[in-house]
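# Close look at the chain arrangement
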Amino acid sequence: MQFYSTRDRNRVVTSSEAIAQGLSDEGGLFVPASFPQVDVQALCALDYPEMAAAIVGEYLTDYSKEFLAQATKTTYGAAFGGKAGYLAPVSQDVYALELWHGPTCAFKDYALQLMPKLLVEAKKNLGRTEKTLILVATSGDTGKAALDGYHDIPGVEIAVFYPTGGTSEIQRLQMATQEGGNVAVYAVRGNFDDAQTGVKKVFGDKAIAARLAERNIRLSSANSINWGRLVPQIVYYFAAYAQLLQAGKIVYGDKVDFCVPTGNFGDILAGYYAKQMGLPVGKLICASNENNVLTDFLTTGTYTAKREFFKTTSPSMDILVSSNLERLLYHVTGSDAEVAALMKSLAETGSYTVRPETLKTIQESFGCGWSSEEQVAGEIRARYEQNGYLCDTHTAVAFHVAEQQKREGVPMVVLSTASPFKFPRSVLEALGHTAPQNDFEAMQELEAVTHHDAPASLAALCQKAERFSTVIDPARIAQVALSYES
Ligand SMILES: *Cc1c(COP(=O)(O)O)cnc(C)c1O
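Scope of this entry: the structure provided in the associated data block. (Residues numbered from 1 in each chain as written. Predicted model: local features only at pLDDT ≥ 70, side-chain atom pairs only at ≥ 80, totals over all residues. Heavy atoms only, no water.)

The tally for this structure, following the rule as stated, stands at 24 aromatic pairs. Relative to Tyr110, the ring of Phe80 lies with its centre 4.7 Å away and its plane at 50°, an arrangement referred to as tilted. Here Tyr110 lies in helix α5 (residues 109-112) and Phe80 lies in the loop between α4 (65-75) and β4 (86-91), a separation of 30 residues in the sequence. There is no split in this pair, since Phe80 and Tyr110 are both buried. Ring centres of Phe161 and Tyr186 lie 5.4 Å apart, and the angle between their planes is 15°; on these two criteria the pair is classed as stacked. Placement of Phe161 in strand β7 (residues 156-163) and of Tyr186 in strand β8 (residues 183-188) is noted, with a sequence separation of 25 residues between them. Of the two residues examined, Phe161 and Tyr186, each falls in the buried class. (Phe/Tyr/Trp six-rings, centres within 6.5 Å; stacked < 30°, edge-to-face > 60°. Helix = DSSP H or I, 4+ residues; strand = E, 2+ residues; numbered from the N terminus. Buried < 20%, exposed > 50% of the residue type's maximum accessible area, 1.4 Å probe, protein only.)

Structure follows, in structure tokens:
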């Protein structure tokens, strides 16, 4: 399989190159040249690691089958507590695909536990010996998941940048207490887009790349703009379908709708790839919080990042520039020139408008909706009181939208992206309790109130020493990158 840049089709790379490089030099994202067609029924008979090896292997054709079988087996076994891709029934025809049974309790573990292995192997495949410096902008969950995945990986350094006050206390502590000799964590003044813009600037700066190259260091990204982040996420859409088949809830060929709490458009885009590969997906419903830029885009065809930014109780979705949408625009328009023009307009004017045909094609696959903060809290409470199902704030955004978009007779799978114990204060308050200021006390109270246990990795956080406390301006991200030596 070859990969093209969304902004220049002449830039063709292998999967190893796409993963080692992250972003194309001119700023485009790498997309597969075609959608591999798979035997869905055969895939549905496999266990999760086997399914992952088969699906990822369709795209990473320059990796050996043995390597992928081994890598997926070690990634999705014990580290996910035997619950990789676990589908929980919630109510009549509505399911939660629980993606938070991994080490950092958010769905990003699916990609970021596998990515480091893919990167090391990519370098081997390419015969490259340089040090890889990974820069990550995060609104919370990516940072911790990347740190956990990459710590002490040979030949790799990782620096994570998160917005001050833009994460929950638990998320902040998860990062600040990260162990490992090759990790660094910085709080950046501003919001997520300030951090992301700062990191993107470094990636686009040829002078920085040249100076690092002199020291045999090469920049790479662990954000969901890297193809290696996206491809592992395709797998759980198939796993959800397989479980519905096995439970006799559907027969093969029946369509299933998925509702996805969305920020950077990575998770939901993986569902689009699943659909293009032949999985019987009905609608992919894009659920946003009050930062509802995607709801507006999917309704009107105009994307406007120039708007008020809201800090919500679902911080991992507090995003105004959804990077992965660029990949969808490429697949739908089939035109690198058109995508390049749209992205230029976004960079220069803060907005763009797609052609009516483009919007129409997108709307055939994607539905959308958004939830206010009040609706999110109401949803957490309603799911708990009516279905005995405890969910986090991000998942609640999707539950609320899913309810409005539920189609008669079509199963609805809501992607449950984080453990409720990652956001204990918001969840407690939603359940009608006064939350203690301290996240750990809130976690304990949430356990007492709901008789659910917090994941062990979160409960253990309060005993760990904080290692990182530096706060910087976005403009200093470049200096941080340049401070690395080979
Ligand atoms: C990252 C994240 C999202 C958004 O996923 P995207 O791929 O950025 O759309 C939703 N929920 C949680 C808990 C997350 O960590």
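With 107 residues, the main nonpolar core has Tyr150, Ile234, Tyr237, Phe238, Tyr352 and Val413 as its most contacted residues. For Tyr237, the residues in contact, after removing those within four places along its chain, are Phe258, Val260, Asp267, Ile268, Ala270, Gly271, Ala274, Leu279, Leu284 and Leu415. (Core = buried A, V, L, I, M, F, W, Y, C linked by side-chain atoms within 4.5 Å. Contact = heavy atoms within 4.5 Å.)

On to unusual backbone geometry, then. Where the residue is not glycine, phi is negative for most of them; where a peptide bond is considered, it is trans in most cases. Residues other than glycine seldom take positive phi values, yet Phe265 does so here, at roughly 70°. Here Phe265 lies in the loop between β10 (256-261) and α13 (266-276). Since its relative accessible area comes to 1%, Phe265 is described here as buried. Backbone geometry places His451, a non-glycine residue, at a positive phi of 60°. Within the fold, His451 resides in the loop between α21 (439-450) and α22 (456-459).

With the rule as written, the count across this model stands at 22 salt bridges. When the shortest N-O distance is used, the salt bridge between Glu357 and Arg355 registers 2.8 Å. According to the relative accessible area criterion, Glu357 is partly exposed, its value standing at 47%. Among the salt bridges present, the one from Lys360 reaches Glu364, with a minimum N-O distance of 3.9 Å. With Lys360 and Glu364 both in helix α17 (residues 356-365) and four residues apart, the pair spans about one turn of that helix. (Salt bridge = Lys/Arg side-chain N within 4 Å of Asp/Glu carboxyl O.)

Here we come to helix α15 (residues 325-333). In terms of burial, α15 is largely enclosed, as eight of its nine residues are buried. Every buried residue of α15 is accounted for by Leu325, Glu326, Arg327, Leu328, Leu329, Tyr330, His331 and Thr333. Positive phi shows up at Gly334, right after α15, with a value of about 65°.

Inspection of the secondary structure assignment puts Ser314 in the loop between β12 (302-304) and α15. Among the polar contacts made by the side chain of Ser314, one reaches the side chain of Asn289 at a distance of 2.9 Å. When residues no more than four places from it in sequence are discounted, the contact partners of Ser314 are Asn289, Thr393, His394 and Val397. (Polar contact = N/O pair within 3.5 Å; in protein donor to acceptor, adjacent residues only side chain to side chain.)

No statement about biological role is implied by the geometric values presented.
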